[in-house]
Amino acid sequence: MTKFQVHSIDAVNGTSEHLIVDAEHELDAAQQISQRGGTPISVSPLRTGVLGALLSPLGNGRKISLDALSLFAEQLAELLGAGLTLEQALHLLSSQDVEAPQSRLAERLLRKIRTGLALSVALKQEESIPAAFVGIVQGAERSGSLASGFATLASYLERQRETKQRIKAALAYPVVVLVVTVFAMVFILTVVIPEFAPLFAGEEQRLPGITRAVLFLSDLVVNQLFLLLLALLAFSAIFHIALTQSSRLRKRGHAALLRLPPVQYAMRLEFSRTIRVLGALLSSGVEASEAMDLTSASASTAAIRQQFSDGARSLREGRSISSVLSAMPHLPQSVITLIAVGEQTGEIGKAATRAAQLLESDTNQRIDRFLSALNPTAVITLGGLVAVLIASVMLGIMSINQLALK
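The structure displayed is predicted, hence computed values, not measured ones.

Q: Give me the overall build of the protein chain: which residues, what numbers.
A: The helix and strand inventory of the protein chain stands at 17 helices and three strands. The buried share of the protein chain, taken over its 406 residues, is 37%. Entry remark: accessible area of the protein chain is about 22000 Å², with carbon and sulfur atoms responsible for 62%.

Structure, rendered in structure tokens:
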């Protein structure tokens, strides 16, 4: 199946909209829109990446931030919990602040569900809706508890937003230090060192090794920058080709990345979010293997998505959830033990949610400790690089003076 972007005209109110559909080919995508009551104007494969961002229609208003999506879920949960139908709730949200992204989202969803689409299907057609969001809504639809599903989503998105903001705030200082240091090093190599280079002319072999290295680096940056960039580009291309062609090298590279603390923390956070989705689905009454299937669709990492998809097949073969999770690498034993206890007590949904919370809390503490150590390390390391450049010049001057005295 391929994703296609369809520009169509709504047959009910005549409005123009851009829809995302999964289809075998362009004709199939156009037929799907026609069956929903729309008139397709143009059909094209959905572009992704930088090219897709540049060529996508301007001002279509389809992008929605994490903050707006969290507010949308919270408001919809409150309205559904108050007894309003889904159509009434979406109509009320769409008529509030018409310029707000959540209001425009509600308006688009309202048009789609009035044509007979399920809410989860309508959400799936939105470009900026995370897969986890669609998965939880799909599970809530099947269990008949949309209000609790959107309440879970609001909490899920709020915690995700807080984590991102906290990490961004903590990384701000080392990033500033890095940028300032890079500019300082470039200034020293391109302005300061060339001013001293004539002093060392003819005496290069007698200079300290560190001074010769800095002079060579300065000459490379000033006079051979194009060749340097070309060499880096060629090396990157060769490395990329080798990585894509060799599965063995790809596995080694993946294993090396997993040893890095930031990658490990990201994996743990992704596991906590995915298990939280699993807990929400199980608490909503979704059958275990089906919940695992929906959870796999909500994972944003291909490796975790595959592990949960394989886990769904294992559950259908008669294995327990805890045994399936125990086969997943990088998942702490404490999480598996807590879920196993939940299986024995009959509260697997609550246990999975609690395990996800503990895993997220433990990972956040590890991230805090890592970042608290990163700040002084960044200052010392990057400051040391600048000191080495200055020291190399001073050592060169001192060595020339000693030669002159002799």
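Q: Tell me what's going on with the pattern of salt bridges, and back it up with residues and numbers.
A: Inspection of every chain in the model, using the stated rule, returns nine salt bridges. A salt bridge links arginine 313 to aspartate 310, with the shortest nitrogen-to-oxygen separation between them at 2.1 Å. A residue pair is termed a helical-turn pair when its members lie 3 or 4 positions apart in one helix, as arginine 313 and aspartate 310 do in helix H14 (residues 302-316) at three residues. Overall, the relative accessible area of 41% leaves arginine 313 in the partly exposed class. A salt bridge links arginine 366 to aspartate 362; the nearest nitrogen and oxygen atoms lie 3.0 Å apart. In this pair, arginine 366 and aspartate 362 both sit in helix H17 (residues 348-405), four residues apart, roughly one turn of the helix. Exposure remark for arginine 366: the relative accessible area of 33% places this residue in the partly exposed category. With relative accessibility at 26%, the residue aspartate 362 sits in the partly exposed group. Three or more residues are tied together by salt bridges with common partners; here these are Arg108, Lys112 and Glu126.

Q: Account for the layout of surface pockets, naming residues and giving values.
A: What the second largest pocket holds in volume is close to 390 Å³. Asp22, Ser120, Lys124, Val134 and Gln138 are the residues nearest the centre of the second largest pocket, which is lined by 17 residues in total. Secondary structure elements with two or more residues in the lining of the second largest pocket: strand S2 (16-23), helix H6 (119-124), helix H7 (131-143) and helix H13 (288-298). Here the lining of the second largest pocket takes four residues from H7, the largest share from any one element. Of the residues in the lining of the second largest pocket, the class split is seven nonpolar, five polar and five charged.

Q: Account for the packing of aromatic side chains, with residues named and values stated.
A: What describes a pair of aromatic rings is the distance from one ring centre to the other and the angle between the planes of the rings. Evaluation of the coordinates by the stated rule reveals three aromatic pairs. Aromatic side chains phenylalanine 72 and phenylalanine 150 sit 6.4 Å apart centroid to centroid with 85° between the ring planes, which places their arrangement in the edge-to-face category. Here phenylalanine 72, found in helix H3 (residues 66-81), pairs with phenylalanine 150, found in helix H8 (residues 146-196); they are 78 residues apart in sequence, far enough to count as distant. Overall, phenylalanine 72 belongs to the buried group, its relative accessible area being 1%. A relative accessible area of 1% means that phenylalanine 150 is categorised as buried. Ring centres 6.4 Å apart and planes at 20° place the aromatic pair phenylalanine 235 and phenylalanine 239 in the stacked group. Of this pair, phenylalanine 235 and phenylalanine 239 both sit in helix H10 (residues 225-245), separated by four residues, roughly a single helical turn. Given a relative accessible area of 44%, phenylalanine 239 falls into the partly exposed group.

Q: Any details on the packing of H10 against helix H11 (residues 247-258)? Residues and values, ideally.
A: Relative to each other, H10 and H11 sit at 105°, their axes nearing to 5 Å. It follows from the interaxial angle that H10 and H11 lie roughly perpendicular. Contacts between H10 and H11 involve Ala242, Leu243, Thr244 and Gln245 on the former and, on the latter, Ser247, Leu249 and Arg250.

Q: Describe the packing of H8 against helix H12 (residues 261-283), listing the residues and the values that go with them.
A: Between H8 and H12, the shortest axis-to-axis distance is 11 Å and the interhelical angle comes to 170°. Here H8 lies roughly antiparallel to H12, going by the angle between them. Taken together, the residues of H12 that come into contact with H8 (itself represented by Thr152, Tyr156, Arg159, Gln160 and Thr163) are Leu269, Arg273, Arg276, Val277 and Ala280.

Q: Break down the confidence of the model for the protein chain for me, citing the residues and quoting the values.
A: Per-residue confidence for the protein chain averages 79 on the pLDDT scale, and 89% of its residues sit at or above 70. Note that residues 48-61 has pLDDT below 50 and, in this model, eight contacts with residues that lie over four places away or in other chains.

Q: Can you break down the environment of leucine 86 residue by residue, with the values?
A: Along the polypeptide, leucine 86 turns up in helix H4 (residues 86-94). C-alpha separation for the pair leucine 86 and leucine 146, spaced 60 residues apart in sequence, amounts to 8.7 Å.

Q: Let's hear about the nonpolar core: which residues, and what values?
A: Phe72, Phe133 and Phe150 are the most contacted members of the largest nonpolar core, which has 64 residues in total. Of the residues forming this core, the biggest block, nine residues, is contributed by H3. When sequence neighbours within four positions are dropped, the list of residues in contact with phenylalanine 72 reads Leu90, Leu93, Gln102, Leu105, Ala106, Leu109, Phe133 and Phe150. Membership of the second largest hydrophobic core comes to 10 residues, among which are Ile193, Leu207, Val386 and Val393.

Q: Help me get a handle on the side chain of serine 314, residues and values and all.
A: If you trace the backbone, serine 314 turns up in helix H14. In this structure serine 314 comes out as buried when scored by relative accessible area, which is 15%.

Q: So, the environment of proline 329: which residues are in play, and what are the values?
A: Within the secondary structure, proline 329 is located in the loop between helix H15 (321-326) and helix H16 (333-345). Since its relative accessible area comes to 41%, proline 329 is described here as partly exposed. Taking C-alpha positions, proline 329 is 9.5 Å from isoleucine 304, a pair spaced 25 residues apart along the chain.

Q: Explain H16 to me, and be specific about the residues and the numbers.
A: Along its 13 residues, H16 runs 19 Å from first to last C-alpha, staying within 8% of the 18 Å computed at 1.5 Å per residue. Among all positions of H16, only Val335, Ile336, Ile339 and Gly342 are buried. All buried residues of H16 project into a common sector of 120° when viewed along the axis, lining one side. What points out from H16, more than 90 degrees from its buried face, is the exposed set Gln333, Ser334, Gln344 and Thr345. Remark: glycine 346 follows H16 within two positions and exhibits a positive phi of approximately 80°.

Reading the values: the criteria
Residues numbered from 1 in each chain as written. Predicted model: local features only at pLDDT ≥ 70, side-chain atom pairs only at ≥ 80, totals over all residues. Heavy atoms only, no water. Helix = DSSP H or I, 4+ residues; strand = E, 2+ residues; numbered from the N terminus. Buried < 20%, exposed > 50% of the residue type's maximum accessible area, 1.4 Å probe, protein only. Areas by Shrake-Rupley, 256 points an atom, 1.4 Å probe, with all protein chains shown as cover. Salt bridge = Lys/Arg side-chain N within 4 Å of Asp/Glu carboxyl O. 1 Å grid on protein atoms, 1.4 Å probe; cavity = no way out; pocket = protein on both sides within 12 Å on 5 of 7 lines; lining within 4 Å. Points joined across faces, edges and corners; volume = space filled by probe spheres on them. Nonpolar A, V, L, I, M, F, W, Y, C, P; charged D, E, K, R; others polar. Phe/Tyr/Trp six-rings, centres within 6.5 Å; stacked < 30°, edge-to-face > 60°. Axes fitted to C-alpha atoms, helices over the stretch in contact; angles between N-to-C directions. Parallel < 35°, antiparallel > 145°, perpendicular 65-115°, else oblique. Contact = heavy atoms within 4.5 Å. pLDDT = per-residue confidence, 0-100. Core = buried A, V, L, I, M, F, W, Y, C linked by side-chain atoms within 4.5 Å. Expected span 1.5 Å × (residues − 1). Arc of directions from axis to C-beta.

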